[in-house]
Amino acid sequence: MCGIVGYISNKEKLKLAKFMTMIKSLDYRGYDSWGVSHLSDKINLIKEIGKIENTDLPGESNLILGHTRWATHGGVTKENAHPHLSNDKNISLVHNGIIENYQELKSKLDGFNFSGQTDSEVLTNYIQSKLTEDTLSSFAQILPDLKGTYAIGFLKRGENKIYFARKDSPLVLGIGKDEKILSSDVTSFFDRTKTVIYLEDGDYGYIEGNSVKIFNSGEEVERKKSTITWDIDKARKGEFEHFMLKEISEQVDVINQVLIQDSKNISSIVNDLKTKNIFMVACGTSYNAALAAEYEFLKQGIMPKVIRAHEFRSYSKFVDKNSIVLAISQSGETIDLIDALKSIKNSGAEIVSIVNVQGSTLDRMSDKRIYMNVGPEICVLSTKSYTASVSILMLLAGCITDTYETSKANLTEIIRQIYYLTSENSRKYTKELSQLLRYTKHLFTIGRKRDYPTAMEAALKIKEVSYIHAEGFAGGQIKHGPIAMIENGTPCIVFVSNKNNSEILSNAQELKSRGAFIIGVSDKNHDVFDFWIKVIGPDKYSPILRTIPIQILAYYLAVLKGLDPDKPRNLAKSVTVK
Ligand code: G6P
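Keep in mind it's a predicted model, so treat the numbers as computed, not measured.

**Student:** Help me out: how do you make sense of the overall build of the chain in this one?
**Tutor:** Helix and strand counts for the chain stand at 18 helices and 27 strands. Taking 25 Å as the expected radius of gyration for a compact globule of 578 residues, we find that the chain reaches 25 Å, a close match to that expectation. Once the C-alpha set of the chain is aligned to its principal axes, its extents read approximately 75 × 50 × 45 Å. Residues counted as buried form 62% of the 578 residues belonging to the chain. If you take every contact in the chain between residues at least 6 apart in sequence, the share linking residues at least 24 apart comes to 72%.

**Student:** Even after reading the chapter, I still don't get the pairing of strand E3 (residues 33-39), so can you show me in this structure?
**Tutor:** The two faces of a sheet get side chains in turn, since along a regular strand they alternate between them. For E3, a buried count of seven out of seven residues is recorded, marking the element as mostly surrounded by other parts of the structure. With burial as the criterion, each face of E3 is covered, one bearing Ser 33, Gly 35, Ser 37 and Leu 39 and the other bearing Trp 34, Val 36 and His 38. Linking E3 to strand E4 (residues 43-49), which pair antiparallel, is a turn of three residues.

**Student:** Even after reading the chapter, I still don't get the packing of helix H8 (residues 284-299) against helix H15 (residues 451-466), so can you show me in this structure?
**Tutor:** Angle between the axes and distance between the axes: these two values describe a pair of packed helices. Their axes nearest at 8 Å, the elements H8 and H15 cross at an angle of 165 degrees. The pairing of H8 with H15 is recorded here as roughly antiparallel in orientation. Judged by the sense of rotation from one axis to the other, the crossing of H8 with H15 is left-handed. Contact with H8, carried on its side by Gly 284, Thr 285, Tyr 287, Asn 288, Leu 291, Ala 292 and Tyr 295, involves Tyr 452, Pro 453, Met 456, Glu 457, Leu 460 and Lys 461 of H15 and no other residues of that element. Taken together, the residues of the contact of H8 with H15 sort by class into eight nonpolar, three polar and two charged.

**Student:** Could you clarify how one ought to interpret the sheet that holds strand E22 (residues 368-371) in this entry?
**Tutor:** The sheet built from five strands is open, its strands ordered E19-E18-E20-E21-E22 with parallel pairing. Because the sheet does not close on itself, it has two edges, and the strands there are strand E19 (305-308) and E22. Neighbouring strand axes in the sheet, compared pairwise and without regard to direction, differ in orientation by 20 degrees on average. In the sheet, strand E21 (residues 350-355) pairs with E22 via four bridges, with the strands oriented parallel. Bridge pairing links Ile 354 to Ile 370 in E22. Helix-sheet contacts for helix H9 (residues 335-342) involve strand E18 (277-282), strand E20 (323-329) and E21, and the interaxial angle to E20 is about 165 degrees.

**Student:** I'm lost on the domain arrangement of the chain in this one. Help?
**Tutor:** In many reports, interface size means the accessible area that the parts give up when they come together. Structurally, the chain comprises domain 1 (3-228), domain 2 (231-412) and domain 3 (423-578). Once you take the C-alpha centre of each, domain 1 and domain 2 turn out to be 31 Å apart. Taken together, the contact between domain 1 and domain 2 spans 13 residues of the former and 13 residues of the latter. Both faces combined, the contact of domain 1 with domain 2 buries some 1,000 Å², and carbon together with sulfur accounts for 59% of it. Sorting the residues of domain 1 by area buried against domain 2 places Tyr 28, Phe 190 and Tyr 198 first, and these three jointly supply 39% of that buried surface. Joining domain 1 to domain 2, the criterion identifies three salt bridges.

**Student:** Sorry if this is basic, but what is going on with the pattern of salt bridges here?
**Tutor:** Side chains that carry opposite charge are capable of pairing whenever their charged atoms lie near each other. Per the stated rule, a full pass over the model turns up 33 salt bridges. Here Asp 451 ties to Arg 546 by a salt bridge, and the two come within 2.6 Å at their closest N and O atoms. Of this pair, Asp 451 sits in helix H15 while Arg 546 is found in the loop between helix H17 (542-545) and helix H18 (548-560), placing the two residues 95 residues apart along the sequence. Across the salt bridge formed by Lys 461 and Glu 464, the nearest N and O atoms sit 3.6 Å from each other. Of this pair, Lys 461 and Glu 464 both sit in helix H15, three residues apart, which is roughly one turn of the helix.

Quick notes on the rules
- Residues numbered from 1 in each chain as written.
- Predicted model: local features only at pLDDT ≥ 70, side-chain atom pairs only at ≥ 80, totals over all residues.
- Heavy atoms only, no water.
- Helix = DSSP H or I, 4+ residues; strand = E, 2+ residues; numbered from the N terminus.
- Rg over C-alpha atoms; globule rule 2.2 N^0.38 Å.
- Buried < 20%, exposed > 50% of the residue type's maximum accessible area, 1.4 Å probe, protein only.
- Contact = heavy atoms within 4.5 Å.
- Pairing = 2+ DSSP bridges.
- Axes fitted to C-alpha atoms, helices over the stretch in contact; angles between N-to-C directions.
- Parallel < 35°, antiparallel > 145°, perpendicular 65-115°, else oblique.
- Left-handed = near helix turned anticlockwise from the far one by under 90°.
- Nonpolar A, V, L, I, M, F, W, Y, C, P; charged D, E, K, R; others polar.
- Domains from an automatic or database assignment.
- Buried area = accessible area lost by both parts, 1.4 Å probe.
- Salt bridge = Lys/Arg side-chain N within 4 Å of Asp/Glu carboxyl O.

What follows is the structure, encoded as structure tokens:
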């Protein structure tokens, strides 16, 4: 993972404090250490371990390179933080990805000293060992020696350029008038310029203050310029203390945002869904969204196959020209998903993405796409993008038997309910529950049918952010093992549907008989509940509606425990390593 930013200008110098805010905006990609190098007559280097707490770095420069790290090779130390400086102190390099053959490269670096354990430090020195006066051509010749994935940025003493290369790790260029920016993501610069070039795999080249040179396979190439449409306020916390709470609250707008679609595009996708074999592929929360929608497709008489992207390769031989693959991803950069889609590149299958980040790798790999339109999601945990994914998938499933207009109208019916669930009053009530659960070590969530994925997503939210061990099960599953874990007082969150709920209520009773503390999420209060979270709305939309109070619960659990809900330990928002 990791976030990269490179800044170059041929006019104004940029304050390092401003540059630090650009790096900090990428810390959702990793935040165990950070570093900045800038060029004067020598390369100046600043590195620290931990999150960026204070952006107030003195100084300014017109050539700056920075990085925020999510450790893969080597522990969290200053030595392993990027940028890395070559032994001769002439090259400063940042890297995202994994150089798989770094040991082999290292064995060719006789006489070099290494202060850390990273593949990236080896790469820096390998570049030093091979670089000639013609930096660009020699860099191009080095790239085929590298096995693995990379987004690389480096600067060289004596040159007013930032060199870059990309393979399977995201890298974009921000195009300002007298300044250019190299970055893992547009979030770092969209307050400076809205013009962006998305680099392709195999691209390499350099930026200068007033020019961009991109090459691929030895030839200079032109890449299309795109315009970012995101609203800058969405990337700011505003009145909220954390992005997580802000993004939970923004869910009230999600339905209207996802409904901004081209109806022709939706109709043509729905036509294919009616006739082709459907595969749904995703990771994490996006996978739970796919699972939730699976039930709606089943209801419509269609059976999709829902697969976690990292397990997809075993299924890929069954994907052919009669298949439609729905790929769901907030970031559009999750490497497990990209890798899964690469495995079916020549299958003739149609790839349709449901994606938030426009211009992302997934977006560009897709034959058709449906944008979530929910603006940047900064908190590592997915909340509004989950609601967007489920809504879009439900819209598609609804269109199998209903018209687009009816399916849209059905969705809009839950806006009022989302408004109520995210209101201050509802939040206050859920906060009380978090007080009761703050010392809990284990917690279980159960639901049946559509509420089984709701239980999975609820457990994922709670464990990701509060570090309470939470597991989600289908109601019918508990007697096959999990019930052995129930002790006196073990909290169990039970999602109870409005209709046909006798079986899930029996499951709640079975848990309660073993001492469980039952938290019911439902339209009505039931005797078996020890605590009730009221959620009104059609069962069909329960994966959206019944998940929201648990997002809020997870948030308050983290806050009560003194944790940072936006950046849980060990996690990163965009997982670009396997
Ligand atoms: C990581 C994040 C999860 C996210 C998953 C998929 O695991 O920690 O929160 O759900 O990636 O991300 P995507 O961007 O593909 O939806």
